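The chain contents come next:
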Amino acid sequence: MNMLNTISGIFTAAVVTTGALLLSSCAELKQDRPLLPVREYERMIVGRLDAEYVGTDNCVSKCHKHEKIADDFRHSLHGEQIKPETGLPLVNCESCHGPGSLAIEKLGDNVEENDEKKVKCDTSTFLDIHNLPTPAQSLICLKCHAAASSPTLAHWTGSVHALNDVGCFDCHKLHRSPRQKVTREETAELCYGCHTEIKAENSLFSHHPIREKKIACTDCHDPHGSVQPHLLKGSTPKELCTRCHMEKQGPFAFEHGDVTENCATCHSPHGSVNNHLLNAAMPFLCLQCHGGHVVTLMPNDPVDKRLFNNRCTDCHSQIHGTDIPAGANNNRGNFLR
Ligand code: HEC
Ligand code: HEC
Ligand code: HEC
Ligand code: HEC
Ligand code: HEC
Ligand code: HEC
Ligand code: HEC
Ligand code: HEC
Ligand code: HEC
């Protein structure tokens, strides 16, 4: 009995101690700290553990051809000296290109001197930024642009772009200008570059005014990933469209079944050969789901004066929903008004 008590005592003590240890190591793990400082990883990728960080001033003062790059960079959001007090990381040339000491080893102190001697910095000692696999390229950016600091990237990892080998550099051209963000004006051309079928749809007779720059791809899509299929923004397909087309939102007393929950049931968002971005011409659009019918205009009309009605929405004009019942004492709507 005593023996058992002792054993269970020891056991309990052991469990408690292990538990406490586990808890404390969990706390340790929870700390948002990489196992090795990022800089160590970069040295490893470069393959030279003896490379050192020398600072942007050195890169710029010693290498002539970087003048425009350096100037753009200074005027960019990245280049603004983000103060340590803000807790934001300081961004400099080496944050993306890796440690630079080996590159400038053979260089003199200033550009003129180096130009005269025709010595250039040895770019082979930097990260091979063009030839890294796409996910590794993106990691260069993601080490700072984690979901916590850049909410827009919260769904990046599982996004159709990331999974199909599209990376940050494909869309963000870091040195083309002081802007690192893709502007609204240049978005469509950027996207058309890979999505030629969408460009074709946008050129059809009826189209959302994307080419006219009234709306942008990014009004409807988040290229960095989203919770909806097709990188769509919004919480539901309907919610996305009714951000701009509020009058179609409802709720209406008489909804069109549940077909209006996804506007794409009837509309092609990028463009269509039919009026109003419709997927199919009238009456075929409606005839996919309904039988056609004839309407007796006057109660006593002979049969041959009845009309087979092709232009359904001439009469059913409130096709997106209505609050007006089909008739007095009627509990359904027919979208006539
Ligand atoms: C935010 C990341 C980032 C920062 C900061 C950055 N670069 Fe770059 N740099 C890139 C990327 C990505 C490329 C290649 C693709 C491109 O041009 O967009 C590149 C390309 C270059 C090139 C052309 C070399 C080549 O192989 O195409 C030079 C030169 C260069 N950078 C110099 C600099 C200098 C100098 C600084 C600091 C003033 C700097 N970079 C800061 C990301 C960065
Ligand atoms: C060393 C950290 C660091 C690295 C590496 C880095 N960024 Fe940034 N980036 C920042 C900070 C800090 C800001 C400013 C605060 C913010 O907007 O989150 C910023 C801002 C931006 C912006 C917004 C600019 C604007 O005008 O609104 C874009 C776009 C951007 N970065 C893209 C990139 C891309 C693409 C890469 C990879 C080539 C990259 N960054 C690498 C730290 C970094
Ligand atoms: C398919 C093209 C594409 C890819 C790939 C892409 N971006 Fe962007 N990014 C854009 C566009 C377009 C914008 C402008 C968004 C807008 O106007 O809503 C943008 C905006 C941003 C911004 C600014 C966000 C803000 O709210 O101001 C940051 C930061 C950024 N991207 C970082 C990245 C990083 C890091 C990667 C890689 C992990 C990346 N992007 C990959 C197209 C892309
Ligand atoms: C008005 C909102 C809207 C705009 C603007 C928009 N899209 Fe779409 N896009 C959608 C919707 C909705 C879908 C899903 C279609 C479906 O469910 O059939 C989609 C689907 C896609 C698809 C998947 C393939 C397909 O055809 O279904 C691609 C690729 C795409 N869009 C690219 C783009 C590009 C590139 C632009 C800018 C030139 C753009 N979109 C502008 C709403 C939009
Ligand atoms: C470097 C090429 C490239 C660029 C630039 C690019 N995309 Fe893509 N995009 C792809 C690839 C590859 C896929 C995955 C294969 C596919 O569905 O076509 C994809 C998929 C998509 C899809 C999802 C298609 C689906 O059926 O789920 C949408 C939406 C989309 N891209 C929108 C955009 C928008 C908006 C832009 C501009 C901001 C853009 N893309 C820029 C290459 C690109
Ligand atoms: C960012 C705002 C915006 C969003 C989001 C948006 N649209 Fe539009 N839509 C417009 C604008 C602007 C027009 C053009 C209006 C005009 O020219 O009078 C338009 C026109 C239309 C038209 C009428 C075309 C015609 O020729 O009569 C239809 C149909 C349409 N949108 C459907 C949709 C659908 C479906 C969605 C969701 C996939 C959607 N819209 C999302 C802004 C938006
Ligand atoms: C059952 C098919 C159907 C569905 C689903 C549908 N529409 Fe329509 N929509 C039409 C038809 C048909 C027209 C043309 C109306 C006409 O000819 O008078 C139209 C026209 C439009 C127009 C342009 C004319 C106007 O009335 O302003 C907009 C904008 C529009 N729809 C937006 C939407 C939105 C947003 C959704 C999703 C909430 C949606 N549609 C869902 C069939 C549909
Ligand atoms: C994707 C299938 C689909 C398409 C396309 C469609 N509808 Fe409907 N429609 C429905 C459904 C489902 C209902 C609800 C039926 C019910 O509740 O019994 C409905 C209901 C109706 C009603 C009311 C009938 C009733 O008994 O209350 C009318 C009228 C109508 N649709 C007309 C149209 C017209 C006109 C078009 C073309 C512009 C159209 N529909 C396109 C599926 C569709
Ligand atoms: C000339 C006007 C007119 C046109 C055009 C028209 N309808 Fe109707 N439709 C009506 C009227 C009126 C009713 C109501 C009949 C009733 O409530 O008994 C109706 C009722 C309906 C209903 C409900 C039927 C039911 O069982 O109560 C559907 C579905 C419908 N129409 C579909 C269509 C389609 C699809 C088209 C185009 C092919 C079309 N309509 C064209 C006037 C029209």
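Residues numbered from 1 in each chain as written. Chains lettered and ligands numbered in written order. Predicted model: local features only at pLDDT ≥ 70, side-chain atom pairs only at ≥ 80, totals over all residues. Heavy atoms only, no water.

- Taking an unreviewed UniProt entry as the reference, the protein chain is identified by name as Lipoprotein cytochrome c belonging to Geobacter metallireducens.

**Remarks on the overall build of the protein chain**
Here comes step 1: For the protein chain, the count of helices and strands is 15 helices and four strands.
Here comes step 2: Counting over 337 residues, the protein chain shows a buried share of 28%. (Helix = DSSP H or I, 4+ residues; strand = E, 2+ residues; numbered from the N terminus. Buried < 20%, exposed > 50% of the residue type's maximum accessible area, 1.4 Å probe, protein only.)

**What about the environment of Phe-205?**
Here comes step 1: Mapped onto the elements, Phe-205 comes out in the loop between helix H11 (196–202) and strand S1 (206–207).
Here comes step 2: Measuring from C-alpha to C-alpha, the distance between Phe-205 and Gly-271 comes to 7.4 Å, with 66 residues separating the pair along the chain.
Here comes step 3: Here Phe-205 is in contact with Ser-272, Val-273 and Asn-275, once residues within four sequence places are set aside. (Contact = heavy atoms within 4.5 Å.)

**What to know about the site of ligand 8**
Here comes step 1: Around ligand 8 sit 17 residues, and of these His-256, Cys-286, Cys-289, His-290 and Gly-333 come closest.
Here comes step 2: At 2.7 Å, a side-chain N or O of His-256 approaches a nitrogen atom of ligand 8.
Here comes step 3: Within the contact set of ligand 8, a nitrogen atom lies 2.8 Å away from a side-chain nitrogen or oxygen of His-290.
Here comes step 4: A class-by-class count of the residues in the shell around ligand 8 yields eight nonpolar, eight polar and one charged. (Near = heavy atom within 4 Å. Polar contact = N/O pair within 3.5 Å; in protein donor to acceptor, adjacent residues only side chain to side chain. Nonpolar A, V, L, I, M, F, W, Y, C, P; charged D, E, K, R; others polar.)

**Here's the deal with the coordination of the iron atom of ligand 5**
Metal coordination angles have textbook ideals: 109.5 degrees for a tetrahedral set of four donors and 90 or 180 degrees for an octahedral set of six.
Here comes step 1: Here the iron atom of ligand 5 is held by His-161 (NE2) and His-195 (NE2), and the distances to it run 2.0 Å.
Here comes step 2: Geometry at the iron atom of ligand 5 is octahedral, judged from its six donor atoms and the angles of 87 to 179° they form at the metal. Of this pair, His-161 sits in helix H8 (residues 160–163) while His-195 is found in the loop between helix H10 (184–194) and H11, placing the two residues 34 residues apart along the sequence.
Here comes step 3: A residue is classified by how much of its surface remains accessible, and His-195, at 34% relative accessible area, is partly exposed. (Donors = N, O, S within 2.8 Å, 3.2 Å for Na, K, Ca; no water. Tetrahedral: all angles 85-135°; square planar, octahedral: opposite > 155°, others 65-115°.)

**Describing the coordination of the iron atom of ligand 4**
Here comes step 1: Protein ligation of the iron atom of ligand 4 involves His-221 (NE2) and His-270 (NE2), the donor distances falling in the range 2.0 Å.
Here comes step 2: The site at the iron atom of ligand 4 holds six donor atoms, and with the angles between them running 88 to 179°, its shape is octahedral. Remark: His-270 occurs in the loop between helix H13 (237–242) and strand S2 (271–272) and His-221 occurs in the loop between helix H12 (217–220) and H13; sequence separation between them is 49 residues.

**Considerations on the UniProt feature "domain: Doubled CXXCH motif" (unreviewed entry) in the protein chain**
Here comes step 1: Here the UniProt feature "domain: Doubled CXXCH motif" (unreviewed entry) sits at residues 161–199, 207–249 and 256–291.
Here comes step 2: The span residues 161–199 carries 56% helix and 0% strand; its end-to-end C-alpha distance comes to 18 Å.
Here comes step 3: Along residues 256–291 the backbone is 11% helical and 6% strand, and the end-to-end C-alpha distance reaches 16 Å. (UniProt positions renumbered as here; feature names shortened; annotations may be inferred.)

**Observations concerning the site of ligand 7**
Here comes step 1: Lys-248, Cys-263, Cys-266, His-267 and His-320 are the nearest of the 16 residues found near ligand 7.
Here comes step 2: At 2.8 Å, a side-chain N or O of His-320 approaches a nitrogen atom of ligand 7.

**Focus: helix H4 (residues 67–74)**
Here comes step 1: Of the residues making up H4, those classed as buried are Ala-70, Asp-72 and Phe-73. Mapping the buried residues of H4 onto a view down its axis gives an arc of 165°, with all of them on the same face. Exposed and facing more than 90 degrees away from the buried side of H4 are Glu-67, Lys-68 and Arg-74.
Here comes step 2: Taken together, the buried residues of H4 touch helix H3 (56–62) and helix H5 (93–97). (Arc of directions from axis to C-beta.)

**A word on H10**
Here comes step 1: Turning to H10, its buried residues are Thr-187, Ala-188 and Tyr-192. Buried residues along H10 cover an arc of 120° about the axis, so they all sit on one side. The outward face of H10, more than 90 degrees from its buried face, is lined by the exposed residues Glu-185, Gly-193 and Cys-194.
Here comes step 2: In this fold, the buried residues of H10 make contact with H11 and H12.

**Considering unusual backbone geometry**
Here comes step 1: Cis geometry marks the peptide bond from Gly-250 to Pro-251, where omega comes out at 0°.
Here comes step 2: By the element assignment, Pro-251 lies in the loop between H13 and S2.
Here comes step 3: Each neighbour pair has its own omega, and for Met-282 with Pro-283 the value is 0°, a cis peptide bond.
Here comes step 4: With respect to the helices and strands, the residue Pro-283 is situated in the loop between S2 and helix H14 (284–287).
Here comes step 5: Despite not being glycine, Lys-118 shows a phi value in the positive range, around 55°.
Here comes step 6: Among the structural elements, Lys-118 can be located in the loop between helix H6 (111–117) and helix H7 (134–142).
Here comes step 7: Look at Lys-118 and you get exposed, because its relative accessible area is 72%.
Here comes step 8: Phi at His-276 takes a positive value of approximately 50°, unusual for a residue other than glycine.
Here comes step 9: Structurally, His-276 can be placed in the loop between S2 and H14.
Here comes step 10: Given the relative accessible area of 63%, His-276 is considered exposed.

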